[in-house]
There are 2 protein chains.
Amino acid sequence: MIISTERRKRPSDFRLERATTLGAEECPFCDGREDLTPPEVLAYRHDGGAPNAPGWDLRVVPNKFPALKVEGGLEREAEGMFDRMNGIGAHEVIIETPDHGKTLASMSEAEIERVLWAYRERMLDLKKDIRFRYILIFKNHGAAAGATLEHTHSQLIALPIVPDFVREEIDGARRHFAAKERCVFCDIIHQETAAGRRVILENAEIVALAPFAPRFPFETWLLPKRHGARFEEAPRQQYEALARLLKSVLMRMDRALETPAYNLIIHSSPFSEETTEYYHWHVELIPKLTKVAGFEWGTGFYINPTSPEEAARVLREAGGG
Amino acid sequence: MIISTERRKRPSDFRLERATTLGAEECPFCDGREDLTPPEVLAYRHDGGAPNAPGWDLRVVPNKFPALKVEGGLEREAEGMFDRMNGIGAHEVIIETPDHGKTLASMSEAEIERVLWAYRERMLDLKKDIRFRYILIFKNHGAAAGATLEHTHSQLIALPIVPDFVREEIDGARRHFAAKERCVFCDIIHQETAAGRRVILENAEIVALAPFAPRFPFETWLLPKRHGARFEEAPRQQYEALARLLKSVLMRMDRALETPAYNLIIHSSPFSEETTEYYHWHVELIPKLTKVAGFEWGTGFYINPTSPEEAARVLREAGGG
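Residues numbered from 1 in each chain as written. Chains lettered and ligands numbered in written order. Predicted model: local features only at pLDDT ≥ 70, side-chain atom pairs only at ≥ 80, totals over all residues.

J.: Report on the overall build of chain A, specifying residues and quantitative values.
T.: Scanning chain A from N- to C-terminus turns up six helices and 14 strands. Going through the 321 residues of chain A one by one, you find that 45% of them count as buried. Long-range pairs, those at least 24 residues apart, make up 69% of the contacts in chain A with a sequence separation of at least 6. (Helix = DSSP H or I, 4+ residues; strand = E, 2+ residues; numbered from the N terminus. Buried ≥ 20, exposed ≤ 12 C-beta atoms within 10 Å, placed from the backbone. Contact = placed C-beta atoms within 7 Å.)

J.: Break down helix H4 (residues 236–257) of chain A for me, citing the residues and quoting the values.
T.: Helix length check: H4(A), at 22 residues, gives a terminal C-alpha distance of 31 Å against a target of 32 Å (1.5 Å per residue), a fit within 8%. Two residues or fewer past H4(A), Glu258(A) is found with a positive phi of approximately 60°. (Expected span 1.5 Å × (residues − 1).)

J.: Tell me about the nonpolar core, and please be specific about residues and values.
T.: Ranked by internal contacts, the top residues of the largest apolar core, which has 81 residues, are Ile135(A), Leu222(A), Leu242(A) and Val249(A). Grouped together as the second largest cluster of nonpolar side chains are 78 residues, Val115(B), Leu159(B), Cys183(B) and Ile265(B) included. (Core = buried A, V, L, I, M, F, W, Y, C linked by C-beta atoms within 7 Å.)

J.: Break down the sheet that holds strand E3 (residues 58–62) of chain A for me, citing the residues and quoting the values.
T.: Residue and element names in this part refer to chain A. Overall, antiparallel pairing links the ten strands, which are arranged E2-E3-E6-E8-E7-E12-E13-E11-E10-E9 in an open sheet. Of all the strands in the sheet, just strand E2 (42–44) and strand E9 (199–202) have a single pairing partner and so form its edges. The mean angle between the axes of side-by-side strands here comes to 20°, regardless of whether they run parallel or antiparallel. Alignment of E2 against E3, held across three bridges, turns out to be antiparallel. Note on E3: the bridge partner recorded for Leu-42 is Val-60. Docked against the sheet, H4 engages E9, strand E10 (206–209), strand E11 (220–224) and strand E13 (282–287), running at close to 25° with respect to E10. (Pairing = 2+ DSSP bridges. Axes fitted to C-alpha atoms, helices over the stretch in contact; angles between N-to-C directions.)

J.: Report on unusual backbone geometry, specifying residues and quantitative values.
T.: One can expect most non-glycine residues to show negative phi and most peptide bonds to be in trans. Despite not being glycine, Phe218(A) shows a phi value in the positive range, around 65°. Position of Phe218(A) among the secondary structure elements: in the loop between E10 and E11.

J.: Before we move on, can you summarise the pairing of strand E6 (residues 90–95) of chain B with the specific residues and values?
T.: Looking down a regular strand, the side chains alternate between one sheet face and the other. Residues and elements named next belong to chain B. Buried residues dominate E6, accounting for six of its six residues. Across the two faces of E6 the burial is the same, with Ala-90, Glu-92 and Ile-94 and His-91, Val-93 and Ile-95 all buried. Sheet topology note: the strand E3 (residues 58–62)/E6 ladder contains four bridges and is antiparallel. What sits directly across from Val-61, in E6, is Val-93. In terms of strand pairing, E6 meets strand E8 (residues 153–159) through six bridges, oriented antiparallel. Bridge pairing in E8 links Ala-90 to Ala-158.

J.: Hey, could you go over the pairing of E11(A) for me, with residue numbers and the actual values?
T.: Residues and elements named next belong to chain A. Counting buried residues in E11 gives five out of five residues, a clear majority hidden from the surface. The alternating pattern of E11 places Thr-220, Leu-222 and Pro-224 on one face and Trp-221 and Leu-223 on the opposite face, and all of these are buried. Across four bridges, the pairing between E10 and E11 is antiparallel. The residue bridging Ala-208 from the neighbouring strand is Leu-222, located in E11. Pairing between E11 and E13: three bridges, direction antiparallel. Pairing of Trp-221 across the sheet is with Glu-284, part of E13.

J.: Explain the packing of helix H4 (residues 236–257) of chain B against helix H6 (residues 308–318) of chain B to me, using residue names and the numbers behind them.
T.: Residues and elements named next belong to chain B. As a packed pair, H4 and H6 sit with axes 9 Å apart at the nearest point and diverge in direction by 100°. It follows from the interaxial angle that H4 and H6 lie roughly perpendicular. Contact residues: H4 offers Val-249, Arg-252, Met-253, Arg-255 and Ala-256, while H6 offers Val-314, Leu-315 and Ala-318. A per-class count over the contact of H4 with H6 returns six nonpolar, no polar and two charged. (Parallel < 35°, antiparallel > 145°, perpendicular 65-115°, else oblique. Nonpolar A, V, L, I, M, F, W, Y, C, P; charged D, E, K, R; others polar.)

J.: Tell me about the sheet that holds strand E13 (residues 282–287) of chain B, residues and numbers included.
T.: Residues and elements named next belong to chain B. Taking strand neighbours across the sheet as the criterion, the ten strands line up as E2-E3-E6-E8-E7-E12-E13-E11-E10-E9 in an open arrangement whose pairing is antiparallel. Edge strands, defined here as strands with exactly one partner in the open sheet, are strand E2 (42–44) and strand E9 (199–202). On average, adjacent strands in this sheet sit at an angle of 20° to one another, irrespective of strand direction.

J.: Explain the confidence of the model for chain A residue by residue, including any values.
T.: For chain A, mean pLDDT is 88; residues scoring 70 or higher make up 89% of the total. On the interface metric, ipTM, the complex scores 0.76, and its pTM is 0.84. (pLDDT = per-residue confidence, 0-100.)

J.: Residues and numbers for the environment of Glu169(A), please.
T.: All names here are of chain A. With respect to the helices, strands and loops of the structure, Glu-169 is situated in helix H2 (residues 164–180). Using a count of 19 C-beta atoms within 10 Å as the deciding quantity, one classes Glu-169 as partly exposed. Counting along the chain gives 98 residues from Glu-169 to His-267, while the straight-line C-alpha distance between them is 9.4 Å.

J.: So what about the environment of His100(A)? Which residues, and what values?
T.: All names here are of chain A. Structurally, the position occupied by His-100 is in the loop between strand E6 (90–95) and helix H1 (109–126). When the C-alpha positions of His-100 and Val-207 are compared, they lie 30 Å apart, and in sequence the two are 107 residues distant. In this structure His-100 touches Ala-24, Cys-27, Cys-30 and His-151, once residues within four positions along its chain are discounted.

Here's what the structure looks like:
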């Protein structure tokens, strides 16, 4: 759990739910508004312009209201029975396009692939900082999914610890490997592509499927068919294939579910451990159709009104891409 | 994870977010509308009227759109590498008052205590069904917290499994006990009441505090000072003291946070195991001030912009009750 009091602007302002997302008029992510963000840490410019000036295709900048700070040491300490450390980390924003009117679904496959390469490049760079053990890359699309800016973007957070969900996923995968000497995700891919009922679509490199036990309606996983633990070490053709499949899945969701808000998360191996044999990177995509309420908070499991077989069928039949 | 396709009314209707909650005009929980709910399983009537007729103070009815069904066997089965069982369980609604205009915060202490006794009575009854291993009692107050009906009510779900969050909490408490032969919650109560900085208020039986690592701003725990693993076995004076403290905390939240939506959850021991020495029942109260987005889903940990010390201070100073 991260306590980040700097994200609150006024001490008396405890209500954080923004009524509206920031639209085009005051958007700091549009072409020509580069002075409204911190200086870029990465940019793709096809015509080679100056840094922090117009003419870019994609920009990565530090988050202006970071949840974590890059400077300083971890300074682990105890307070009685409790443990504490400084909130050290990097928090960056990937501005996926200069065009305010685009979404990830409406971008071209080449533009989406460029976003994936930016993820990779930032991960490889931040990995060099030995304080970081995990890099989380995620995207909140739409106000209902937590986006406070309309302009399409992703976020990256580099953490000095391995988050619980990764810990649990990795421990589960390790147990499966210990019992069977096989990757559990490879087993899932084999079973699901053979059965087909929960497969949304696939190409030579990637399969998109509704997982057997989805927490949310239309929860979708995109997995590389060839085993690999780390997103940032994936071969080139996997990014190309992922971009193609991701665009098609997002277009199908837009069509079948009336352009829902969604969260997208890259699941990849921590830096700090050797998971090569048993972990398998993938993307999780969760359209925001229901509200999470007391029951879900309380139990860590979920009431889902849509079966994965039905979700896969609806998205297969929606067409797209 | 529970797949409950019966909760969806029309097959094409995947968007579940209700625009508005059901108000007083069509409220099925008001006095005189007893025919709009399934027949009651429990009711308190101070003037001893007929069942399912007006004149009650509190009613418990089965949920009209249950997430789980009471009838049938568990029928555990495999699908290849996956496991599945029937969604057996009970899903009940505790209608806390016949008065549509009241909230838990505005009810009298005696009325709140009556709600706690109803929880207890239903737990003791449902415990007799050996298929059930856990009973979850929770309350969603306000649309932002997931409530679809305005009229103040709680929910009860009896489950054939122990939910993950309980599993983890119990495993953690068992490890602490194995190392120290002390209950971890008793240790927390001692440390926190001695230090005081995170204590919101307390009486002889119960303490309300901001936990050391709150996932959400103003997350509040109410713990009985005397050790006990099971809510339904608590002594009478703990319910009385809890009702008093709960009212005061809710009034303080209403004052300091502009009557927020909130989730309230009773944490109590599973039926199926002997946790008497090391588990400690309590209530968790989470005002809904922020949206959960990709980062939180992805990591299972949370960015919280308000420190527990600040939250406790604000609620101490808000006065109430």
